[in-house]
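One-letter residues, chain by chain:
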Amino acid sequence: MRIAVVGGGPGGLYFAALAKQLRPAHQITVWERNAADDTFGFGVVFSDETLGGIEHADPAVYAAMQREFARWDDIDVHYRGQVITSGGHGFAALSRKRLLAILRRRCAGLGVEMHFRTQAPGPAVLASGYDLVIAADGANSATRAAFADSFGPQVEMRRCKYIWLGTDLVFDAFKFYIEQTPHGVIQVHGYPYDATGSTFIVEMHSDVWQAAGFAGLAPADLPPGQSDHASIARITELLGHIIGGHSIEANNSRWISFGTLRCASWRHGGNVVLLGDAAHTAHFSIGSGTKLAMEDALALAACLNEQPDVDAALTAYEAERRPIVESTQRAAQASLEWFENLGQYTHQDPEQFAFNIITRSRRVTHGNLRLRDPEFTARADAWFAADCKRRGLGTGAVVPPMFQPMRLRGLELKNRVVVSAMDMYSAADGTPSDFHLVHLGGKAAGGAGLVMTEMVCVSAAGRITPGCAGMYAPEHEQAWRRITGFVHEYTTGKIGLQLGHSGRKGSTKLMWEGIDEPLDDGNWPVCGPSPIPYQPGVSQVPHELTAAELDAIMAEFVAATLAGDRAGFDLVELHCAHGYLLSEFISPVTNRRTDRYGGSLAGRLRYPIEVFAAMRAAWPARKPMTVRISATDWVPGGTTPDDAVEIARAFAAAGADAIDVSTGQVTPDERPAFGRSYQTPFSDLIRNRTGLATVAVGVISSWDDVNSIILAGRADLAALGRAHLYDPSWTLHAAAEQGYAGPGADWPDQWVAGSRPPQAGRADGPKPRLALIHDTAAGIAGTRHARWRPAPSGERTAAGRTAAGRPPARSTLEARP
Ligand SMILES: Cc1cc2nc3c(=O)[nH]c(=O)nc-3n(C[C@H](O)[C@H](O)[C@H](O)COP(=O)(O)OP(=O)(O)OC[C@H]3O[C@@H](n4cnc5c(N)ncnc54)[C@H](O)[C@@H]3O)c2cc1C
Ligand SMILES: Cc1cc2nc3c(=O)[nH]c(=O)nc-3n(C[C@H](O)[C@H](O)[C@H](O)COP(=O)(O)O)c2cc1C
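Reference entry: report on the structure contained in this document. Predicted model, so just to flag it, every value in this text is computed and none were measured.

### Here's the deal with the nonpolar core
Okay, so step 1: In this structure, Met 471, Leu 499 and Phe 651 are the most contacted members of the largest nonpolar core, which totals 123 residues.
Okay, so step 2: A per-element tally of this core places helix 20 (residues 601-618) first, with seven residues.
Okay, so step 3: Setting aside residues up to four positions removed in sequence, Leu 499 forms contacts with Val 456, Val 458, Met 471, Phe 557, Ala 560, Thr 561, Val 572, Glu 573, Leu 574, His 575 and Met 615.
Okay, so step 4: Within the second largest apolar cluster, 66 residues are counted, among which are Val 30, Leu 51, Leu 261 and Ala 313.

### Some thoughts on the sheet that holds strand 9 (residues 132-135)
Okay, so step 1: The sheet built from six strands is open, its strands ordered 8-2-1-9-17-16 with mixed pairing. At either end of the open sheet lies a strand with only one pairing partner, and these are strand 8 (113-115) and strand 16 (267-268).

### A word on helix 16 (residues 474-490)
Okay, so step 1: Between its first and last C-alpha atoms helix 16 spans 25 Å; for 17 residues at 1.5 Å apiece the expected length is 24 Å, and the two agree.
Okay, so step 2: For helix 16, the set of buried residues is His 476, Glu 477, Ala 479, Trp 480, Ile 483, Thr 484 and Val 487. On an axial view of helix 16, the arc spanned by its buried residues comes to 165°, and they lie on one face. Facing away from the buried side of helix 16 by over 90 degrees, the exposed positions are Pro 474, Gln 478 and Glu 489.
Okay, so step 3: Contacts from the buried residues of helix 16 go to helix 15 (434-445), strand 21 (450-457), strand 22 (494-500) and helix 18 (547-566).

### Some remarks on unusual backbone geometry
Okay, so step 1: Unusually for a residue other than glycine, Arg 80 sits at a positive phi of about 50°.
Okay, so step 2: For Arg 80, the position within the fold is in the loop between strand 5 (75-79) and strand 6 (82-86).
Okay, so step 3: Residue class for Arg 80 comes out partly exposed when judged on its relative accessible area of 45%.
Okay, so step 4: Phi is positive for His 578, which is not a glycine, with a value near 65°.
Okay, so step 5: Secondary-structure assignment places His 578 in the loop between strand 25 (571-576) and helix 19 (581-586).
Okay, so step 6: Overall, the relative accessible area of 9% leaves His 578 in the buried class.

### Thoughts on the packing of helix 12 (residues 350-358) against helix 23 (residues 703-712)
Okay, so step 1: Contact geometry of helix 12 with helix 23 gives a least axis separation of 8 Å together with a crossing angle of 135°. Taken together, the axes of helix 12 and helix 23 lie oblique to each other. Viewed along their axes, helix 12 and helix 23 form a crossing whose handedness is left-handed. For the pair helix 12 and helix 23, contact is made by Gln 352, Phe 355 and Asn 356 and by Ser 708, Ile 710, Leu 711 and Ala 712, respectively.

### Considering helix 3 (residues 59-68)
Okay, so step 1: For helix 3, the complete set of buried residues consists of Val 61, Tyr 62, Ala 64 and Met 65. The arc that holds every buried residue of helix 3, seen down its axis, measures 165°, which confines them to one face.

### Brief notes about the packing of aromatic side chains
Okay, so step 1: Summed over the entire model, instances satisfying the criterion amount to 32 aromatic pairs.
Okay, so step 2: On the basis of an interplanar angle of 85° and a centroid distance of 6.0 Å, the ring pair of Trp 31 and Tyr 130 is categorised as edge-to-face. On the criterion of sequence distance, the pair formed by Trp 31 in strand 2 (residues 27-31) and Tyr 130 in the loop between helix 5 (123-129) and strand 9 is long-range, its members being 99 residues apart.
Okay, so step 3: Residue Tyr 130 is classed as buried on the basis of its relative accessible area, which comes to 16%.
Okay, so step 4: Each ring, one from Phe 486 and one from Tyr 490, has its centre 4.9 Å from the other, and the planes form 35°; the classification is tilted. On the criterion of helical spacing, the pair formed by Phe 486 and Tyr 490 is a turn pair, its members being four residues apart in helix 16.

### A few points about the site of ligand 2
Okay, so step 1: Around ligand 2, the surrounding shell holds 17 residues, and the nearest of these are Ser 420, Ala 421, Val 699, Gly 721 and Arg 722.
Okay, so step 2: Between ligand 2 and the protein, one listed contact pairs a nitrogen atom with a backbone N or O atom of Asp 423 at 2.8 Å.
Okay, so step 3: Gly 721 is positioned such that a nitrogen or oxygen atom in its backbone is 2.8 Å from an oxygen atom of ligand 2.
Okay, so step 4: Surface burial for ligand 2 is 86%, taken as the share of its 600 Å² of free accessible area covered by protein chains.

### Some thoughts on the environment of Ala 173
Okay, so step 1: Along the chain, Ala 173 turns up in the loop between strand 10 (153-167) and strand 11 (174-181).
Okay, so step 2: Setting aside residues up to four positions removed in sequence, Ala 173 forms contacts with Trp 72, Asp 74, Asp 76, Gly 190, Tyr 191 and Pro 192.

### What about the pairing of strand 12 (residues 184-194)?
Each regular strand shows side chains that alternate between the opposite faces of the sheet.
Okay, so step 1: When you tally the buried positions in strand 12, you get 11 out of 11 residues, the bulk of the element.
Okay, so step 2: Across seven bridges, the pairing between strand 11 and strand 12 is antiparallel. What sits directly across from Tyr 177, in strand 12, is Val 188.
Okay, so step 3: Looking at chain direction, strand 12 and strand 13 (residues 197-205) are connected through eight bridges and run antiparallel. Counterpart to Ile 186 in the pairing with strand 13 is Met 204.
Okay, so step 4: Count of turn residues in the strand 12/strand 13 antiparallel hairpin: two residues.

### Regarding the pairing of strand 7 (residues 91-95)
Okay, so step 1: Judged by how many residues are buried, strand 7 sits mostly within the fold: five of five residues are covered.
Okay, so step 2: One ladder, built from three bridges, connects strand 4 (residues 70-72) with strand 7; its direction is antiparallel. Paired with Ala 70 across the bridge in strand 7 is Ala 93.

### Details of the pattern of salt bridges
Okay, so step 1: Using the criterion set out here, one finds 38 salt bridges in the structure.
Okay, so step 2: One salt bridge in this structure joins Asp 387 and Arg 391, with 2.8 Å as the shortest N-O distance.
Okay, so step 3: A relative accessible area of 8% places Asp 387 in the buried class.
Okay, so step 4: In this structure Arg 391 comes out as exposed when scored by relative accessible area, which is 56%.
Okay, so step 5: A salt bridge links Arg 649 to Glu 646; its shortest N-O distance comes to 3.0 Å.

Basis of the calculations
- Residues numbered from 1 in each chain as written.
- Chains lettered and ligands numbered in written order.
- Predicted model: local features only at pLDDT ≥ 70, side-chain atom pairs only at ≥ 80, totals over all residues.
- Heavy atoms only, no water.
- Core = buried A, V, L, I, M, F, W, Y, C linked by side-chain atoms within 4.5 Å.
- Buried < 20%, exposed > 50% of the residue type's maximum accessible area, 1.4 Å probe, protein only.
- Helix = DSSP H or I, 4+ residues; strand = E, 2+ residues; numbered from the N terminus.
- Contact = heavy atoms within 4.5 Å.
- Pairing = 2+ DSSP bridges.
- Expected span 1.5 Å × (residues − 1).
- Arc of directions from axis to C-beta.
- Axes fitted to C-alpha atoms, helices over the stretch in contact; angles between N-to-C directions.
- Parallel < 35°, antiparallel > 145°, perpendicular 65-115°, else oblique.
- Left-handed = near helix turned anticlockwise from the far one by under 90°.
- Phe/Tyr/Trp six-rings, centres within 6.5 Å; stacked < 30°, edge-to-face > 60°.
- Near = heavy atom within 4 Å.
- Polar contact = N/O pair within 3.5 Å; in protein donor to acceptor, adjacent residues only side chain to side chain.
- Areas by Shrake-Rupley, 256 points an atom, 1.4 Å probe, with all protein chains shown as cover.
- Salt bridge = Lys/Arg side-chain N within 4 Å of Asp/Glu carboxyl O.

Listed below in structure tokens is the structure:
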């Protein structure tokens, strides 16, 4: 095969070396427009997992890299005059120059044809003249631009400014310096790359960059390849103390705004394929682009070797790499947003801040860190226990963070777990049934600190479906009293009432008969702030509510609140999320009113706040009230995260004790970014920007996630919905799995006998004695004893992928005969 490689960066060169090694008959040509030793950047970082893949694929390259590596395990967080160290991370780095030199040497030795200081022939020429064209031409790929229709690239520019620099100070760990300056907070990411120096990346929000006067420093006509020395002098003034008398080094260093590149496809026609930065970028804060580029190269070379033809190889390559790259990009996105918002965390104490920064991408969790560095998590847990005690919560005993108690007004919760509101569609004319008793009672017995009812409707017309529960008739109150009575008599959990009105999303079928679909018969008229149907052509057009009708609905909310108190609920939550009536008032997508209840955010919030205030006045002062909001509508022109902060503040001013932070479901046009804990960043934003207590919800998948969210200060409570349908005793089981026994997870007396995980069945035969295990594959009596080492990243979440989303190491690449 004749293979053209555009770009002699790490991706292009590594691919060329591997492909040539696997099939020496390939004619591989690399074009690199720069000189061989003319490269930007300083160090490149690899994790243990990436190195595993490189070691297997090409031991010669790996051995050469290994001789150069700076290795370390620690991450040091320098913050408010303290250094907090987290160990066990396993990094290796080397200089980019040395890496490229190793790869060039390997390519030369294998017979790859390389042209330096040579622009590659145009993409169309290469596509027609070669069997395969590898576009490894970097983030500004001209090949990608030439075939943009096929690749569908999109770049999302971000709000921080950063500059790659070096220093001749050799750090002894990965370093985060969080520097409070008169202009705002500036962060430094530093890591050693060899015995002579370290990478030193300076990053800050663009507002801070402006305030610090960087905007006007670089000459407008700074020639390509030149560094911005004026900015570097200013950085030295501001941050020079970090490196003492050492120097800051520049190499084509200038301010950059990071752009996340995503492509709809990585291939054009039958023979052009993107690789590395040309295909995707991921913020440098979770690992270098070099690592992704080399992993791409490895996968592509392997697929070419394994598949019968180029077409199948390119398909297999993209199928293998895309989910891994997208997962890395999601983690990188969480990380870059964290750094953009870093200013909102600088109120945190050092222990919490350090835990927060290290778990920012959500890949590293409390559980991972406990494996890597038990002392670090123990210190953070101890800080949290002491902090809780300072706030009058708990005894100061160090327990998993999710089992620290919480207080909302006069209500004490034994732990941080909430059963999220879930409609069961099983009421008769609004009266909750025995199903509700078993469902909610079982969840309370199962250990959650707080169990929320489903959205309980304030009127028959305010129901979503005929099966929805209500609080608008004496028999409803009576039935609810039976349920709260069970919870209070038999468990130490608390029970909250979520009150709502369906608005334009009312009069629809039960969830399992057709979600959001109008009833086949027996529909009742629906209402809303504006006559805009939820699904045009499918849903009813809502009646636009008049002022008198709004007053009547407010009275229904107040009546239901009073009934909720009489029925024995501990907390009431106003449902202002998910596109139901009050949410429709808040969202600009659904509220087009021109009266005092529409227009600006303040206008759109007016009615929900009036309802909230009226309920607050009716609800006993000692009992807490919360509000559930949709923090974003996930559509352009809808509610934004900044709006959500204002919405939260407005409800807090009206007496809300916590904000239950959900998102979306306001319009069927939404495009949510689903994923593990995907709504938690909105809770994080509101909590850390306003100081209000929050509840995080949405695909919080494990008790490890709950511990991480609570300890990092992303929320005060974690609500889990579907996880509780899967396992009603989710909290008790979480306690058993963590070996926790205490007031945060008290088993009902009736269940104490089952409070330990069931014993596994006996394995047949005696266990093999370690001393007898052979090193060779075939052990005693032909049994195969696998040698197993836990992945440093912790538990496995999906077949073949570690929790950190890293690819499993490919077995040694071998040339096909
Ligand atoms: C200023 C800067 C500094 C960086 N520093 C670091 C760092 O210290 N550590 C780190 O891990 N990552 C660093 N990165 C990111 C890192 O360089 C990339 O993520 C990584 O190199 C991607 O590898 P690649 O092979 O896909 O692309 P690149 O390394 O970008 O390689 C692409 C190559 O293609 C060449 N090229 C482009 N078009 C043509 C053409 N038409 N003809 C011939 N040649 C062409 C370019 O000159 C370039 O050498 C830095 C990025 C920038 C912009
Ligand atoms: C069957 C079901 C019914 C739901 N009903 C409600 C509801 O009545 N009120 C509400 O605010 N959210 C409701 N939700 C949303 C959940 O409270 C929760 O926000 C969502 O399921 C995401 O959390 P999870 O990923 O832990 O399930 C419902 C979810 C499910 C699965």
